Amino acid sequence: MKLVNPEFDLLNELEFLIESSKKRVKRAVNGELNLLFWQIGKRINDEILLNNRAEYGKQVVPTIAEKLTAKYGRNFEARNLRRMMQFATSMNDFKIVAPVAPQLTWSHIIELLSVKTFDGRIFYANLAIEENWSKRELRKQINLKAFERTEIANLQMKSESNDLLNTFKDPYVLDFLNLKSSFIESDLESAILRDLENFILELGKGFAFMERQKRIIIDGEDFNLDLLFYNRNLKRLVAVELKLGKFQAQFKGQMELYLKWLNRYEKAEDEKEPIGLILCAESNKEQIELLEMHKDGIMVAEYWTVMPPKKEMEQKLHQLLMEAKERMLIYGKEKEL
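The following paragraphs examine the structure supplied in this document. In this text the structure is predicted, and so the values were computed from the model without any measurement. (Residues numbered from 1 in each chain as written. Predicted model: local features only at pLDDT ≥ 70, side-chain atom pairs only at ≥ 80, totals over all residues. Heavy atoms only, no water.)

### Here we look at the nonpolar core
Turning to step 1, where the next piece is worked out: Residues Leu81, Phe87 and Tyr124 are the most contacted members of the largest nonpolar core, which totals 36 residues.
Turning to step 2, where the next piece is worked out: For this core, the secondary-structure elements that each account for two or more residues are helix H1 (6-51), helix H2 (54-72), helix H3 (78-90), helix H4 (94-100), helix H5 (106-112), helix H6 (118-130), helix H7 (135-143) and helix H8 (146-157).
Turning to step 3, where the next piece is worked out: Ignoring sequence-local partners within four residues, the contact set of Tyr124 consists of Leu112, Val115, Trp133, Leu138, Gln141, Ile142, Lys145, Ala146, Phe147 and Glu148.
Turning to step 4, where the next piece is worked out: In this structure, Leu164, Leu179, Val238 and Tyr303 belong to the second largest nonpolar core, which totals 29 residues. (Core = buried A, V, L, I, M, F, W, Y, C linked by side-chain atoms within 4.5 Å. Buried < 20%, exposed > 50% of the residue type's maximum accessible area, 1.4 Å probe, protein only. Helix = DSSP H or I, 4+ residues; strand = E, 2+ residues; numbered from the N terminus. Contact = heavy atoms within 4.5 Å.)

Printed below as a string of structure tokens:
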């Protein structure tokens, strides 16, 4: 029989209270500093604009930095003051900054400054908060162009229901699987299961693994769904099929069959209809567009097993985004007819 030590239990509880309080105090201090840094950046920017001279800015920043650093420490060195100015310029609406900045560290904010668009900065800021990303993980996701890839996927889904926005990416970067140049479908599946943590991180927020090679029996015939996930945020089952080659039109019928079966036999009463993700080595964009797979809750995305060089990746994603926007424009005009 195990003896209970009341003093030990009390000590554990008190330590928990102290550590929790310390974390809250740290978050509060970080939040207040971030808002202060934004206000400082805004005030300096306004002063420079008022004088309407870039040269004035070059002179005033070092002068102010020297005096503030002497009085308040290294946080106010010239380099950091310029970051504060960039922060206030790149996120210039205080109503948006006020709820977001207190939940991030200044190191997170600095990483966000490298993102080119306002929408991108807000996207990464919200994800960093929701997923509790470290500075290193935030930097990794920015380098992997998570925002641009999510934007491409959003354009394909064209969902009338906003709950599917920001759910998928296109393409998915699976370089962490370290696959050889030639592999079969089972190799891809096995590699994903060996590194499930990174795969789920690449899938995005809310995904939880449920089953591999999910057995489905219809009319006495066996079918096997490659991977089955559940998205807690969407309250939906997510069927994932892995394909080695180009997308083919018959993939749609296969996925529709799986989704209808899951909807009938696996979906809980409080869940929404299942959705599907078909991962292909290469997609056929026009076929996907003509099939209007988004209407059936099916996303088709490419996967890259090798990470391209940064410049090449930026060019590829830019091209994919422009093509997706053009197809969206054509689709919108067709709907008006």
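Moving on, there is more to tell.
### So, the pairing of strand E2 (residues 207-218)
Turning to step 1, where the next piece is worked out: Across 10 bridges, E2 lies against strand E3 (residues 221-231) in antiparallel orientation. When the sheet's bridge partners are listed, Glu211 is paired in E3 with Leu228.
Turning to step 2, where the next piece is worked out: The hairpin turn running from E2 into E3, its antiparallel successor, is 2 residues long, and Asp219 in that turn takes a positive phi close to 55°. (Pairing = 2+ DSSP bridges.)

### Digging into the sheet that holds strand E4 (residues 236-242)
Turning to step 1, where the next piece is worked out: Ordered in space as E1-E6-E5-E4-E3-E2, the 6 strands form an open sheet in which the pairing is mixed. Either end of the sheet is taken by a strand with one partner, and the two such strands are strand E1 (172-173) and E2.
Turning to step 2, where the next piece is worked out: Relative to strand E6 (residues 298-304), E1 runs parallel, the two being bridged by 2 bridges. Bridged to Val173 within E6 is Trp304.
Turning to step 3, where the next piece is worked out: The strands touched by H8 within the sheet are E1 and E6, with E6 carrying the most contacts at an inclination of about 150°.
Turning to step 4, where the next piece is worked out: In the packing of helix H10 (residues 196-203) onto the sheet, contacts are made with E1, E2, E3 and strand E5 (275-280), and the angle to E3 comes to roughly 70°. (Axes fitted to C-alpha atoms, helices over the stretch in contact; angles between N-to-C directions.)

### Remarks on H3
Turning to step 1, where the next piece is worked out: With 13 residues, H3 should reach 18 Å at 1.5 Å per residue; the first-to-last C-alpha distance of 18 Å fits that figure.
Turning to step 2, where the next piece is worked out: Of the residues making up H3, those classed as buried are Asn80, Leu81, Met84, Met85, Phe87, Ala88 and Ser90. (Expected span 1.5 Å × (residues − 1).)

### Some thoughts on a nonpolar patch on the surface
Turning to step 1, where the next piece is worked out: On the surface, a nonpolar cluster with roughly 510 Å² of combined accessible area is contributed by Leu10, Leu14, Phe16, Leu17 and Ile18.
Turning to step 2, where the next piece is worked out: In this structure, Leu14 sits in helix H1.
Turning to step 3, where the next piece is worked out: With a relative accessible area of 41%, Leu14 lands in the partly exposed category. (Patch = residues over 30% accessible without salt bridge, like charges linked within 9 Å, V, L, I, M, F, W, Y side chains within 5 Å. Areas by Shrake-Rupley, 256 points an atom, 1.4 Å probe, with all protein chains shown as cover. Salt bridge = Lys/Arg side-chain N within 4 Å of Asp/Glu carboxyl O.)

### A closer look at the pattern of salt bridges
Turning to step 1, where the next piece is worked out: Applying the stated criterion across every chain yields a total of 21 salt bridges.
Turning to step 2, where the next piece is worked out: Between Lys243 and Glu241 there is a salt bridge, with its nearest N and O atoms 3.3 Å apart.
Turning to step 3, where the next piece is worked out: Overall, Lys243 belongs to the buried group, its relative accessible area being 10%.
Turning to step 4, where the next piece is worked out: Taking the relative accessible area as the measure of exposure, Glu241 reaches 2% and is therefore buried.

### Side note on the packing of H6 against H8
Turning to step 1, where the next piece is worked out: One can describe the packing of H6 onto H8 by two numbers: an axis separation of 10 Å at closest approach and a directional angle of 100°. Between H6 and H8, the angle is such that the two are roughly perpendicular. Where H6 approaches H8, its residues Asp119, Gly120, Phe123 and Tyr124 are matched on the opposing element by Ala146, Phe147, Glu148 and Thr150.
Turning to step 2, where the next piece is worked out: For the contact of H6 with H8, the residue count by class is 4 nonpolar, 2 polar and 2 charged. (Parallel < 35°, antiparallel > 145°, perpendicular 65-115°, else oblique. Nonpolar A, V, L, I, M, F, W, Y, C, P; charged D, E, K, R; others polar.)

### Points about the packing of aromatic side chains
Each aromatic ring pair is described using two quantities: the centre-to-centre distance and the angle formed by the ring planes.
Turning to step 1, where the next piece is worked out: On inspection of all chains with the given rule, the structure shows 13 aromatic pairs.
Turning to step 2, where the next piece is worked out: Measuring from ring centre to ring centre gives 6.4 Å for Phe223 and Tyr258, while their planes differ by 70°; the resulting arrangement is edge-to-face. Taken together, the residues span a long stretch of sequence, with Phe223 in strand E3 and Tyr258 in helix H11 (residues 250-265) at a distance of 35 residues.
Turning to step 3, where the next piece is worked out: Centroid distance Phe247 to Phe251: 5.7 Å. Interplanar angle 85°. Geometry classified as edge-to-face. Taken individually, Phe247 and Phe251 each receive the classification buried, so the pair is uniform in this respect.
Turning to step 4, where the next piece is worked out: Aromatic rings pair up to connect Phe37, Tyr72, Phe76, Phe87 and Trp106 into one cluster.
Turning to step 5, where the next piece is worked out: Over the face of the ring belonging to Phe251 we find Lys243, whose NZ or CZ atom lies 4.7 Å from the ring centre.
Turning to step 6, where the next piece is worked out: Lying across the ring of Trp304, Lys316 places its NZ or CZ 5.3 Å from the centre. (Phe/Tyr/Trp six-rings, centres within 6.5 Å; stacked < 30°, edge-to-face > 60°. Lys NZ or Arg CZ within 6 Å of the ring centre and 35° of its normal.)

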